[in-house]
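Analysis of the macromolecular model
This is what each chain is made of:
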Amino acid sequence: MSFYLLSNTHTPTNNTLPLDISGVPGTGKTATVRNVLMQLIQEECEFDWVEINGMKIASVHDIYGLMCLKLLDYPIQSQQSAQKRLEAYFRQAPRPLVMVIDEVDALVSGKATRVNSHLYRLLEWPCHYPIILLLIANTMDLPERLMTGRLSSRLGTRRVNFVPYTYPMLIQILKAARGSTALISDDAIEYLARRVGAVNGDARRALSLLKKACGLQGPVVGLKEMELMLRQNIQHNNTNNGDHPKEVKLVMTACLMAPDLKSNNQLTVELVMSRAVQLAKTLGVDLSWIDAYRILNNLHTTGLLSGELNSKSYDGDCKVSVTHGDSLQKQLRADAIFGKFLLA
């Protein structure tokens, strides 16, 4: 990644293919990109840098107005006006522009034709202007699944994959974050690393739980205290579903609607995903297959689902179980929107 950015910022061209940076959440993709860019700035490489998070904008076409605000210091509401102003700026730009689009997979959940048109325009900019485009996605196969045809031709094959942190890696990260203090025992850290590593290797979540453990009462947090804290954390997630966004409630409802639940409390990922997407269409909710799978993984991480769900690769036949299904169904049944989809 450093060589790619260094070569393109020193010798900017108008034919630089984007760099696809993929990996499950919590593997350090965004932090690594920022760190590399900061190092290049310290080495006196001259370039402009703009970063946009796909989760913080409503749709792809909002990127144009946001870029005008960041690059030109004033907002332009009209998409066409913003696009023309940006392209005029790019033609006369004194330095190359590094454009980072984080959470790019969140931008492909709208209508395919319009979304592909906007994405194609973004991917085409580096072919005409000195722009270095970095796309950060939370799925390992975004190009194969979503960017077909003319989009894939513009995306190219330059790719950096961030694999999930393993159990030994998480131990090193957590011990480094703990520092020299002995507030948390090695056994507790190893247990926390093993629990997070078994699900998705999300270092962000591991560090968040470590911070929470540091706030526990007592001179030292040992294995028993860590087990209790993680168990209470799961129970808290199970009893506070009213705070969940609509999309999350939708996927949880899809889990409880599955006919396999009554017989053996088991259902497949494929069944949940198809029901969630179908339910979203019925309710007019914008939910893509990728979004549904990400929510399903998050529910697994928080303990609302159990099973051998693998966030590193998609397995539609994977069996998962709803934990505390009765209490979860009771809470969702009281919801004005989703309650009517659950059997009394």
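Let me sum up the structure you'll find in this document. None of the values given here were measured: they were computed from a predicted structure.

**Notes on the pattern of salt bridges**
According to the stated counting rule, one finds four salt bridges in the structure shown. Measuring nitrogen to oxygen at the nearest pair gives 3.4 Å for the salt bridge that ties aspartate 20 to arginine 159. Note that aspartate 20 is positioned in strand 1 (residues 19-23) and arginine 159 in strand 5 (residues 159-162), a separation of 139 residues in sequence. Overall, arginine 159 belongs to the partly exposed group, its relative accessible area being 34%. With a shortest N-O distance of 2.6 Å, glutamate 51 and arginine 34 are connected by a salt bridge. Here glutamate 51 is found in strand 2 (residues 48-53), whereas its partner arginine 34 is found in helix 2 (residues 29-42), with 17 residues between them in sequence.

**Comments concerning helix 2**
Counted at 1.5 Å a residue, the expected span for helix 2 with its 14 residues is 20 Å, and the 20 Å between its end C-alpha atoms agrees. Of all the positions in helix 2, only Lys29, Thr30, Val33, Val36, Leu37 and Leu40 are classed as buried. Along helix 2, the residues classed as buried sweep out an arc of 130 degrees about the axis, all on the same side. Residues of helix 2 that are exposed and point more than 90 degrees away from the buried face comprise Ala31 and Gln42. Glutamate 44 lies just past helix 2 and shows a positive phi near 65 degrees.

**So, unusual backbone geometry**
Even without a glycine there, the phi angle at glutamate 44 is positive, about 65 degrees. Relative to the helices and strands, glutamate 44 resides in the loop between helix 2 and strand 2. Classification of glutamate 44 as exposed rests on a relative accessible area of 68%. With phi around 55 degrees, glutamate 103 is a residue other than glycine that occupies positive phi space. Relative to the assigned elements, glutamate 103 resides in the loop between strand 3 (97-102) and helix 5 (112-128). Given a relative accessible area of 17%, glutamate 103 falls into the buried group.

Parameters and conventions
Residues numbered from 1 in each chain as written. Predicted model: local features only at pLDDT ≥ 70, side-chain atom pairs only at ≥ 80, totals over all residues. Heavy atoms only, no water. Salt bridge = Lys/Arg side-chain N within 4 Å of Asp/Glu carboxyl O. Helix = DSSP H or I, 4+ residues; strand = E, 2+ residues; numbered from the N terminus. Buried < 20%, exposed > 50% of the residue type's maximum accessible area, 1.4 Å probe, protein only. Expected span 1.5 Å × (residues − 1). Arc of directions from axis to C-beta.

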